[in-house]
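# Analysis of the macromolecular model
Here are the chains, one letter per residue:
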Amino acid sequence: MEVVLHSKGFLSLPINPHNRFLNPSHGLKHRFFSPNPKILGGFSLTNNELHKLNSSTLKAKNFDQKDKNLFICKAEAAAAAASGCGGDGEAVFDESETEKQKLLGVEVTTLKKIIPLGMMFFCILFNYTILRDTKDVLVVTARGSSAEIIPFLKTWVNLPMAIGFMLLYTKLANVLSKQVLFYSVIVPFIAFFGAFGFVLYPLSNYIHPDAFADQLLNVLGPRFLGPLAIMRIWSFCLFYVMAELWGSVVISVLFWGLANQITTVDEAKRFYPLFGLGANVALVFSGRTVKYFSNLRKTLGPGVDGWAVSLKAMMSIVVGMGLVICFLYWWVNNYVPLPARSKKKKEKPKMGTMESLKFLMSSRYIRDLATLVVAYGISINLVEVTWKSKLKAQFPSPNEYSSFMGDFSTATGIATFTMMLVSQFIFDKYGWGVAAKITPTVLLMTGVGFFSLILFGDPLAPVIGKLGLTPLLAAVYVGALQNIFSKSAKYSLFDPCKEMAYIPLDEDTKVKGKAAIDVVCNPLGKSGGALIQQFMILTFGSLANSTPYLGGVLLVIVLAWLSAAKSLDTQFTALRREEELEKEMERAGSVNIPAVVAENEDGNGSVGSINTEASDASTSPSESSTPHNNQF
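Residues numbered from 1 in each chain as written. Predicted model: local features only at pLDDT ≥ 70, side-chain atom pairs only at ≥ 80, totals over all residues. Heavy atoms only, no water.

Our focus in this paragraph is the overall build of the protein chain. From N to C terminus, the protein chain includes 19 helices and six strands. Sequence-distant contacts, at least 24 apart, represent 80% of the contacts inside the protein chain between residues at least 6 apart. (Helix = DSSP H or I, 4+ residues; strand = E, 2+ residues; numbered from the N terminus. Contact = heavy atoms within 4.5 Å.)

It is the contact of helix α13 (residues 364–394) with helix α16 (residues 471–500), at a shortest axis distance of 9 Å, that shows an interaxial angle of 155°. Of the possible angle classes, the one that applies to α13 and α16 is roughly antiparallel. Every pair of crossing elements has a handedness; the one defined by α13 and α16 is left-handed. Looking at the contact of α13 with α16, its residues break down into 15 nonpolar, five polar and five charged. (Axes fitted to C-alpha atoms, helices over the stretch in contact; angles between N-to-C directions. Parallel < 35°, antiparallel > 145°, perpendicular 65-115°, else oblique. Left-handed = near helix turned anticlockwise from the far one by under 90°. Nonpolar A, V, L, I, M, F, W, Y, C, P; charged D, E, K, R; others polar.)

In this section: the packing of α13 against helix α18 (residues 543–589). Two packed helices can be described by the angle between their axes and the distance between those axes. One can describe the packing of α13 onto α18 by two numbers: an axis separation of 8 Å at closest approach and a directional angle of 150°. With respect to each other, α13 and α18 are oriented roughly antiparallel. The hand of the α13/α18 crossing is left-handed. The residue makeup of the contact of α13 with α18, split by class, is 22 nonpolar, seven polar and two charged.

In this section: the pattern of salt bridges. All told, the structure shown has 13 salt bridges when counted by the stated rule. Among the salt bridges present, the one from lysine 135 reaches glutamate 244, with a minimum N-O distance of 3.1 Å. Of this pair, lysine 135 sits in helix α3 (residues 108–141) while glutamate 244 sits in helix α9 (residues 234–262); the two residues are 109 residues apart in sequence, bridging distant segments of the chain. Residue classification places glutamate 244 among the partly exposed residues on the basis of a relative accessible area of 21%. Close ionic contact of aspartate 214 with arginine 232 constitutes a salt bridge, the shortest N to O distance being 2.8 Å. (Salt bridge = Lys/Arg side-chain N within 4 Å of Asp/Glu carboxyl O. Buried < 20%, exposed > 50% of the residue type's maximum accessible area, 1.4 Å probe, protein only.)

Attention shifts here to the nonpolar core. Core analysis: the largest hydrophobic core is formed by 134 residues, its most contacted members being Ile186, Phe189, Phe193, Trp246, Met315 and Trp387. A per-element tally of this core places α9 first, with 17 residues. With sequence-adjacent residues up to four places away left out, tryptophan 387 is seen in contact with Phe404, Met405, Phe408, Phe450, Ala475, Val476, Gly479, Ala480 and Asn483. (Core = buried A, V, L, I, M, F, W, Y, C linked by side-chain atoms within 4.5 Å.)

The next subject is a nonpolar patch on the surface. Taken together, the side chains of Leu421, Val422, Phe425, Tyr430 and Val434 make up a nonpolar region of the molecular surface, amounting to roughly 470 Å² of accessible area. Residue placement: phenylalanine 425 occurs in helix α14 (residues 398–455). (Patch = residues over 30% accessible without salt bridge, like charges linked within 9 Å, V, L, I, M, F, W, Y side chains within 5 Å. Areas by Shrake-Rupley, 256 points an atom, 1.4 Å probe, with all protein chains shown as cover.)

In total, this model carries 33 aromatic pairs according to the counting rule given. Here the aromatic rings of phenylalanine 182 and tyrosine 329 are separated by 3.7 Å at their centres, their planes lie at 0°, and the arrangement is stacked. One end of the pair, phenylalanine 182, is in helix α5 (residues 178–200); the other, tyrosine 329, is in helix α11 (residues 306–335), with 147 residues separating them in the sequence. The same class applies to phenylalanine 182 as to tyrosine 329, namely buried. Between phenylalanine 540 and tyrosine 549, the aromatic rings sit 4.3 Å apart at their centres with planes inclined by 10°, giving stacked as the arrangement. Here phenylalanine 540 falls in the partly exposed class, since its relative accessible area comes to 31%. Ring pairs connect the aromatic residues Phe189, Phe192, Phe193, Phe196, Tyr201, Phe236, Phe239 and Trp246, which therefore count as one cluster. (Phe/Tyr/Trp six-rings, centres within 6.5 Å; stacked < 30°, edge-to-face > 60°.)

Between its terminal C-alpha atoms helix α4 (residues 149–175) stretches 38 Å, which fits the 39 Å expected from 27 residues at 1.5 Å a residue. At asparagine 158, α4 shows its strongest bend, of approximately 35°, with the proline proline 160 following within four residues. Within α4, burial applies to Ile149, Ile150, Pro151, Phe152, Leu153, Thr155, Val157, Asn158, Phe165 and Tyr169. (Expected span 1.5 Å × (residues − 1). Bend = angle between axes of the 7 residues up to and from the residue.)

Before going further, it helps to spend a moment on the environment of threonine 155. For threonine 155, the position within the fold is in helix α4. Separated by 376 residues in sequence, threonine 155 and leucine 531 have C-alpha atoms that sit 7.5 Å apart. Setting aside its immediate chain neighbours within four residues, threonine 155 contacts Pro160, Ala530, Leu531 and Gln534. Separated by 2.7 Å, the side chains of threonine 155 and glutamine 534 make a polar contact. (Polar contact = N/O pair within 3.5 Å; in protein donor to acceptor, adjacent residues only side chain to side chain.)

A separate point is the side chain of threonine 141. Mapped onto the fold, threonine 141 is located in helix α3. On the basis of relative accessible area, threonine 141 is assigned to the buried category, the value being 14%.

Structurally, serine 546 is set in helix α18. Separated by 13 residues in sequence, serine 546 and glutamine 533 place their C-alpha atoms 8.1 Å apart. Other than its neighbours up to four places away in sequence, serine 546 contacts Met536, Ile537 and Phe540. A polar contact of 3.1 Å, which involves the side chain of serine 546, links it to the backbone oxygen of methionine 536.

Here we take up the side chain of threonine 547. Tracing the chain through its elements places threonine 547 in helix α18. If near-sequence neighbours (up to four positions away) are discounted, threonine 547 is found in contact with Thr386, Phe451, Ile454 and Leu455.

This brings us to the confidence of the model for the protein chain. Looking at the protein chain, pLDDT values average 74 and 71% of them are 70 or higher. When pLDDT is averaged over each element of the protein chain, α5 comes out on top at 94 and helix α19 (residues 621–624) at the bottom at 38. Segment residues 341–348 is flagged for pLDDT under 50; beyond a separation of four residues in sequence, or across chains, it makes seven contacts in the model. Every residue in residues 593–632 scores below 50 in pLDDT, and together they form 92 contacts with partners more than four places removed in sequence or on other chains. (pLDDT = per-residue confidence, 0-100.)

Here it is, written out as C-alpha cells:
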C-alpha cells in the first residue's frame with residue numbers, strides 16, 4: 001500500500017481525519033467502498049515514536065467497531081495533489097454515492113434481475129415438461145409405431161437436426177443482435193407448437209403416408225418397424241424433435257445465456273441454486289396440468305377425439321407461456337442494467353474430435369470422469385426405452401398414457417426437490433465418493449428389479465397377484481420408480497459431483513478435460529444407448545426379444561461406472577489433500593507486511609505493518625469481497 005508524502009515531513013496526517021471525511025453513521029459504507037482498507041497489525045509507526053506490539057495477541061479480526069480505520073488513497077511522491085487526494089493529504093470520496101435500496105435483505109436492483117429470470121425459468125420448464133410428456137405419447141402410441149422408434153429417432157433425426165440448428169444459430173449470432181436473435185429462435189418454436197395442436201394433428205390422417213409405410217413393412221419385415229415409423233408419422237416425429245430442442249436450445253442456450261449476461265458472479269452463487277429448486281416446482285405443476293387435460297376425455301361425448309381436445313388445450317398453454325417468456329425478456333432488456341464486465345477474456349482451447357480422444361486417453365483422471373458421463377447416458381437410455389414399451393402395453397390409449405406421464409412428472413419433481421435438500425447433508429457427512437456412487441447404485445438396484453419382472457414375470461405372477469397387480473403393471477411401476485429415483489439422483493448428486501471433480505485439476509487440464517468430455521462423451525452417452533438398442537432390435541427382431549441382452553449390457557456398464565467412481569474418488573481425495581498441503585505451505589512461507597494507516601485511541605495517525613499470522617485475515621479487497629467456494 002502506498003502512503004502520501006507531504007512537504008511538511010515524512011508523514012503528515014490530519015489531526016482529526018474522521019471529522020473531515022468519515023461520518024460515524026456511514027463508517028460501514030466507507031469501509032466497503034473506500035480503496036484498499038487495511039487494519040493495524042503487529043507494528044505501529046507514529047510521528048513521534050515506534051511502538052512494538054505483541055503480534056501473537058493483536059489480530060486484525062479482534063478489532064471491534066470502535067477501531068476507526070483511516071483510508072489513504074494512492075498518490076505519487078512528486079505530486080501531493082494526485083487524483084483522489086486533496087491538497088492536504090485527505091482522501092476525497094464521492095458524496096453522490098448513496099446506500100443501495102434493499103428489500104428483504106436483497107438489493108432492489110438484484111431483485112429486478114432475479115424475479116424475471118425465475119419467472120422465465122418456471123415458464124420454460126413448465127412448457128418443457130408438457131412437451132416432453134406429449135412427445136412420448138405421440139410417437140409411442142401412434143398406429144404403426146411403438147417405443148422401438150425412439151432409438152432410431154434420436155440417432156437419425158434428432159441428432160442431425162440438433163447439429164443443423166447449432167450451425168444455423170452460430171451463423172445468425174454473427175449477424176443479428178442478441179435481442180433479435182432471441183426472438184428469432186423462440187418465436188418459431190411457439191408458432192410450431194400452436195400450429196401442431198390446431199392444424200397438423202387434426203390433419204394427420206391426411207398427411208401421413210400410412211398405405212406406403214404398410215407396403216414397405218410387408219416387404220422388409222417387422223424388425224424395420226422403428227425406422228419405417230419415422231416416415232409413417234413424420235409430423236409426430238417433427239414434434240418430438242422440436243420438443244427435444246426446446247430443452248437444449250431454450251433452456252441451455254437462450255435462458256442461461258441471458259442469465260449469465262445480466263447477473264454478477266456473487267448473484268449467481270446466491271440465486272442459481274434456487275432456480276434448480278424452482279424448476280422442480282414447475283415440474284410438479286406441469287405434471288398436474290398434463291394429468292388434468294389428459295382426463296378430459298371422460299367428460300366428452302362419444303365419437304369425440306379426446307386426445308385432440310387435450311392436445312389443443314395443452315398447446316394453448318405452451319403458446320401462452322411462450323408469449324410470457326417473450327414479454328419477460330423484453331422487460332429485462334429495457335429495465336435491467338447490465339453489470340460491468342471485464343473485456344479481457346481468456347480464450348479456451350478449441351479441440352476437435354480426434355484431439356479430444358487423444359487427450360481423454362492420456363489422463364486416467366479424465367478417463368474415469370468420462371466413463372461416468374458415458375455410463376449414465378447409456379444406462380438411463382437402455383432402461384427408459386424398454387420401460388416405455390411396457391408403458392404402451394399397459395396404457396395403449398394416448399389419454400391414459402399421457403395421464404400416467406403427468407403423475408410421473410409430478411413424482412419426479414417432488415423426488416428431485418427432496419434430494420436437492422438432502423444432497424448437502426450427504427456431501428457434508430459422507431463426502432464426494434459416496435455421493436458419486438449413489439446414482440449408479442440406485443440405477444443398478446432398480447434396473448435389476450425392472451428387468452427381473454420382465455424376464456420372470458410369469459413365475460412371479462401368483463406373488464404379484466396378491467398385491468393386486470399384474471406382472472406388466474408391476475414392471476411399469478418399478479420402471480417408473482427407476483426413472484424417478486435415477487433422474488433425481490442425477491440432478492442432485494451426479495451433476496454436482498461431476499462439476500466438483502474438475503476443481504482440484506490444474507487450469508490446463510481442467511479446461512481441456514471439460515472440452516474433451518463435452519465434445520466426445522456427452523454425445524456418446526446420449527446416442528450410445530440408442531445405437532446398442534438399434535443393434536439389438538435389428539439382430540433379434542424386436543425390443544422384447546432383446547430384453548435379456550439389454551439387462552446384461554446394463555449390468556456391465558453400471559459395474560464399470562462404479563469402478564470408475566471408486567478410482568476417481570481415490571484420485572480426487574489425493575489431489576484435494578495435495579492442494580490443501582500446498583495452501584498450508586504457502587501460508588507458512590509467505591511474509592506479507594503491508595503498510596497500513598490507522599487511528600490510535602488518542603487520535604494520532606499511525607503507519608504500520610501486519611504480522612505474518614494476521615496477514616491472512618487482512619487480505620486484499622478483491623479477495624475479501626469474494627466468498628470462497630465450498631469444496632468438498
